Amino acid sequence: MDCDVVIVGGGPAGLAFARSLEDSGLRIVLLERAPLAALATPRFDGREIALTHGSKRILEQLGAWARIPAEEIAPMRAAKVVNGDSPFSLNFTAGEGEADRLGWLVPNHRIRAALYEAVKDQPGLCLVPGAEVVHARSGATGARAEVLLSSGEVVRAKLLVVADSRLSKTREALGIDADVNPLGRSMMVVRVRHELPHGATALEWFDHRQTLALLPLNGNMAGAVLTLPEEAARRVAAFDDASLGRDLTRRFRQRLGRMEVVSDRNVYPLVTTWAHQFVSGRAALIGDAAVGMHPVTAHGFNLGLGGQALLAAEVLEAVRRGMDPALPAVLRRFESGHRAACKPLYTGTNLLVRLFTDERLPARAMRHAVLRLGAGLPFVRPTVRAMLTH
Ligand SMILES: Cc1cc2nc3c(=O)[nH]c(=O)nc-3n(C[C@H](O)[C@H](O)[C@H](O)COP(=O)(O)OP(=O)(O)OC[C@H]3O[C@@H](n4cnc5c(N)ncnc54)[C@H](O)[C@@H]3O)c2cc1C
């Protein structure tokens, strides 16, 4: 099969990129190993994605935002960061007007479903579910990029876009090195109903030997996130509903009163990744295949959306000028722009995680100081707020 662009991975990044090229006139093939049902009606996976204002705008432009059921979109008006038993917290509140919220919480499966709906009848796009890529070549000068499917079929394209997640096999097949850091901890995520109102405030609580988060949903509901060593997270996830409700009520020290479990639980082993290059030959990496963030700062998909938009803008400009969409200059511009956007957030998030999960006394004293000083410094809150609302 020959085409202009082949995309490996029909997750939110791959789907968004396909849609971004809607008016390009390019022949696009999107390969996804999961079956059609997983694309068309993805199941609830426990991820409540915090979207920034910038991401909302991109999803609107892609025709996906309007396809998300309104009752599944929850405003986040404030966020609070707490350390152990310290009385100090770092508080972020929204401004006024358009920015009367820091962002929105939307379940990941709704984002995926909306993006699938947006692309499913797109002219020029051939979406192939059940297609697993097992090998790839990025194509030296002149030659096309190639991917090999487990069925033995080969797809050739001018541009290969890799969006098959943080443990990307395609990235590996292309010989692109990456830092892959398993953290030995897992995140258990589950929806809870609670007695007291959350005030549309997200909570991040770096407690001793555990990290807790509450993500405010509509009504007295929240996404509860519990980060523990892998074995302990699996043990807690195996509790029955009533025991898990009691356990979470106790861990959150009744901040929102009694908690009742209302969804399946999902456990995500934490692994961060950073690809040493985002482009190679005729190939470009987007989404988690380029940078796999720690979820604590809720930037993974936001960066993925921004990255695909950047790549699409470069490709569309090349097409408008009648140029090859995978010219080295075109891909290099994407790479340098996206690396500059990701690097500070990736490094900053990793530092934050290290500081806030280190149980040794100096680190505990240090984070206490960080929260005290952060709460008092005039530029911290406006900077974070601006980052979220842009
Ligand atoms: C608990 C949790 C909470 C999070 N919260 C947030 C948040 O609040 N805000 C935020 O911005 N981000 C958040 N994230 C991150 C966000 O979920 C990811 O950044 C996003 O899902 C990445 O999308 P993707 O399309 O790159 O990869 P994926 O969603 O992993 O999709 C990759 C796709 O590629 C397919 N695939 C894989 N291998 C192959 C192959 N060989 N051949 C064909 N297809 C293949 C897979 O089936 C899959 O459909 C969170 C993540 C977790 C785990």
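- An unreviewed UniProt entry annotates the protein as FAD-dependent hydroxylase of Sphingomonas pokkalii.
- The annotation that UniProt attaches to the protein under Sequence similarities (unreviewed entry) is "Belongs to the UbiH/COQ6 family."
- Checking UniProt for the protein, the heading Cofactor (unreviewed entry) contains the comment "FAD".

**A few points about the packing of helix α1 (residues 12-20) against helix α8 (residues 300-320)**
- Their axes nearest at 9 Å, the elements α1 and α8 cross at an angle of 30°. Overall, the two elements α1 and α8 adopt an arrangement that is roughly parallel. Taken as a pair, α1 and α8 cross one another with a handedness that is right-handed. Taking contact as the criterion, the partners of P12, A13, A16, F17 and S20 in α1 are, on α8, F301, L305, Q308, L311, A312 and L316.
- Of the residues in the contact of α1 with α8, the class split is 9 nonpolar, 2 polar and no charged.

**Re α8**
- Over its 21 residues, α8 runs 30 Å from end to end, which matches the ideal 30 Å to within 8%, given 1.5 Å per residue.
- Downstream of α8 by one or two residues, G322 has phi in the positive range, about 75°.

**What about the environment of L316?**
- Along the chain, L316 falls in helix α8.
- Judged by its relative accessible area of 31%, L316 falls in the partly exposed class.
- For the pair L316 and I111, spaced 205 residues apart in sequence, the C-alpha separation works out to 24 Å.
- Not counting the four nearest positions on each side in its chain, L316 is found in contact with S20, L21 and S24.

**A short note on the pairing of strand β15 (residues 221-229)**
- When you tally the buried positions in β15, you get 8 out of 9 residues, the bulk of the element.
- Bridge count between strand β12 (residues 178-194) and β15: 9 bridges; the pairing is antiparallel. Across the sheet, residue V189 finds its bridge partner in β15, namely V225.
- Pairing between strand β14 (residues 210-216) and β15: 6 bridges, direction antiparallel. Bridging from a neighbouring strand, L215 pairs with G223 of β15.
- Counted between consecutive antiparallel strands, the loop separating β14 from β15 contains 4 residues, among which G219 sits at a positive phi close to 75°.

**Comments concerning unusual backbone geometry**
- Even without being glycine, S165 reaches a positive phi, approximately 80°.
- With respect to the helices and strands, S165 occurs in the loop between β11 (154-162) and α5 (169-173).
- Even without being a glycine, R253 presents a positive backbone phi close to 45°.
- By secondary structure assignment, the location of R253 is in the loop between α7 (241-251) and β16 (259-261).

**Things to note about the pairing of strand β13 (residues 201-207)**
- Counting buried positions over the 7 residues of β13 gives 6, a clear majority of the element.
- Direction of pairing for strand β5 (residues 78-83) relative to β13: parallel, over a ladder of 6 bridges. Following the sheet pairing, A78 is matched in β13 by T201.
- Bridge analysis of β13 against β14 gives 5 bridges, and the strand direction is antiparallel. Bridge pairing in β14 places L203 opposite L214.

Conventions used here
Residues numbered from 1 in each chain as written. Predicted model: local features only at pLDDT ≥ 70, side-chain atom pairs only at ≥ 80, totals over all residues. Heavy atoms only, no water. UniProt positions renumbered as here; feature names shortened; annotations may be inferred. Axes fitted to C-alpha atoms, helices over the stretch in contact; angles between N-to-C directions. Helix = DSSP H or I, 4+ residues; strand = E, 2+ residues; numbered from the N terminus. Parallel < 35°, antiparallel > 145°, perpendicular 65-115°, else oblique. Left-handed = near helix turned anticlockwise from the far one by under 90°. Contact = heavy atoms within 4.5 Å. Nonpolar A, V, L, I, M, F, W, Y, C, P; charged D, E, K, R; others polar. Expected span 1.5 Å × (residues − 1). Buried < 20%, exposed > 50% of the residue type's maximum accessible area, 1.4 Å probe, protein only. Pairing = 2+ DSSP bridges.

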